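In case you want the letters, here they are:
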Amino acid sequence: MKPIELDGRTGEGGGQLVRLAVGLAALTAQPVTITNVRGNRQGGRGGGLKSQHVTSIAWLAAVTDAQTTGLAVGSRTLTFMPRRTPLQPAQDGGKRQYSISADSDAASALLVLQAIFPYILFAGTDGDEPLELDISGGTNVAWSLSYEYFDQVLMPTLEERFGVRVERELRQRGWSLGPKSRGGLWLRVHPTPRGQKLQYVQPPAYTYPDSFGVTRVDASIIVPRWAHETVQDDLARDINTLFPDTDVHFKVVEDSGDDARWSVLLVARSKAGIRWAKDVLWSMPKKAKSRHVLVSQLSRTLCKRLYEEVELGGTVDEHLQDQVVLLQALAEGASSFPRHDDGYGADQQPVSGVTEDIASLSINAGMRKEKTHEPFGHGSTHTQTARWVVSELLPRAEFYNKGDVVRGVGFSL
């Protein structure tokens, strides 16, 4: 087959495009060529493949017997040509266990997982045996989701809405900030059984404003020990100012061990089960005149960002929306995770034609089918780019109403 050709400068133009394209190529046994890899990262972050891309693609190449060209750190053109699709069963009654380790300590273990996830999600066997992964790399890394976000927001959503089962454990925390460190996580993935399809589980109908009222905020703070009490006091104050009468639960309180390492995640929960999250990865300036003033500013800024996300009235936050596009396209039937960043209607209700109709979602004549030749739809540039990449690899997936509604292909092996 002639490779599907993608320009790595399209849309968001970063590593997400590479991870999605190669992960889907491995799953569907389609060759893909990406030129201008990470072409929109020419500034301080640089272009070309990074260590975490090479690590994940090399693993996918090994298990699919793929031919590759350009698989090296810094490469700006990559071709990936898989020759085998299903992951093989364990031999002689053993377990399917894999260890994946990035060359760079700062490479995100979560982004490595993101790249291989579509492939392992459909690695079911006749005996429904799980597979175990030990992934070594960063767990709190710039430009990547943290382990806490993965554990508290992404995975619960995939479990509730698609029936995805992944047992998980943080074995060691690894940072891209401060002293050199390497982390690791362990996962036991229960793939979609052979011959079956992902099924979207519809939530209850959401009504405005009742379904969107925040009843609880979970906070995870991994900061220097001296700041624990200050951060907790500031967050409790600022959360209760913006979300009165809301319970604040400190889910994780951990010593980061260094002033250069600050990771704080806030997850707002509504009584209808909607999650919205905002986080920050930060280093305390070495010559800070007043550390407590900076901590107070950090708290106010983060809480304000969470409040603004909730006020959009979507059913996912900015980062979760682009993470679920792939699952929507692979699943059977219609699904919707609306999040709008273009304001409110005259009645001050969230701008969404489907928010209150998710429980009885169906494709009808009133929905406009979107063209997919370029990034499109509502949401961030990451979300728009994800829709485009998925459409190139899964052209039978259909998107309606600016991407708010997706009809998946019902993929199975």
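Where an unreviewed UniProt entry is consulted, the protein appears under the name Homocysteine S-methyltransferase, with the organism given as Purpureocillium lavendulum.

**Student:** What exactly am I supposed to notice about the layout of surface pockets here?
**Tutor:** Regions of empty space are outlined by a rolling probe, equal in size to a water molecule, passed over the atoms. Here the largest pocket defines a volume of roughly 970 Å³. Together, 40 residues line the largest pocket, and Val141, Ala142, Trp143, Ser144 and Leu145 are the ones closest to its centre. Breaking the lining of the largest pocket down by element, the ones donating at least two residues are helix 1 (15–28), helix 2 (51–64), helix 3 (109–121), strand 11 (262–270), strand 12 (275–282) and helix 7 (318–330). The dominant element in the lining of the largest pocket, judged by the number of residues it contributes, is helix 7, at 4 residues. When grouped by side-chain class, the residues that make up the lining of the largest pocket number 12 nonpolar, 18 polar and 10 charged.

**Student:** How do you make sense of the pattern of salt bridges when you look at a structure like this?
**Tutor:** Side chains carrying opposite charge are able to pair once their charged atoms draw close together. Counted by the stated rule, this structure contains 26 salt bridges. The partner of Asp218 in a salt bridge is Arg216, and the shortest N-O contact between them spans 2.6 Å. Using a relative accessible area of 32% as the deciding quantity, one classes Arg216 as partly exposed. In this structure, Asp255 engages Arg225 in a salt bridge whose closest nitrogen and oxygen atoms are separated by 3.6 Å. With a gap of 30 residues between them, Asp255 in strand 10 (residues 247–255) and Arg225 in the loop between strand 9 (214–223) and helix 5 (228–242) connect regions that are remote in the sequence. The network of salt bridges with shared partners includes Lys278, Glu309, Glu318 and Arg339.

**Student:** Could you clarify how one ought to interpret empty space enclosed by the protein in this entry?
**Tutor:** Under the counting rule described, the total for this entry stands at 5 cavities of 30 Å³ or more. Computed from the structure, the largest cavity encloses a volume of approximately 230 Å³. What lines the largest cavity is a set of 15 residues, among which Gln114, Phe117, Leu154, Gln323 and Leu326 lie closest to the centre. When residues of the lining of the largest cavity are traced back to their parent elements, those giving at least two are helix 1, helix 3, helix 4 (147–162) and helix 7. Split into classes, the residues belonging to the lining of the largest cavity amount to 11 nonpolar, 3 polar and 1 charged.

Calculation notes
- Residues numbered from 1 in each chain as written.
- Predicted model: local features only at pLDDT ≥ 70, side-chain atom pairs only at ≥ 80, totals over all residues.
- Heavy atoms only, no water.
- 1 Å grid on protein atoms, 1.4 Å probe; cavity = no way out; pocket = protein on both sides within 12 Å on 5 of 7 lines; lining within 4 Å.
- Points joined across faces, edges and corners; volume = space filled by probe spheres on them.
- Helix = DSSP H or I, 4+ residues; strand = E, 2+ residues; numbered from the N terminus.
- Nonpolar A, V, L, I, M, F, W, Y, C, P; charged D, E, K, R; others polar.
- Salt bridge = Lys/Arg side-chain N within 4 Å of Asp/Glu carboxyl O.
- Buried < 20%, exposed > 50% of the residue type's maximum accessible area, 1.4 Å probe, protein only.

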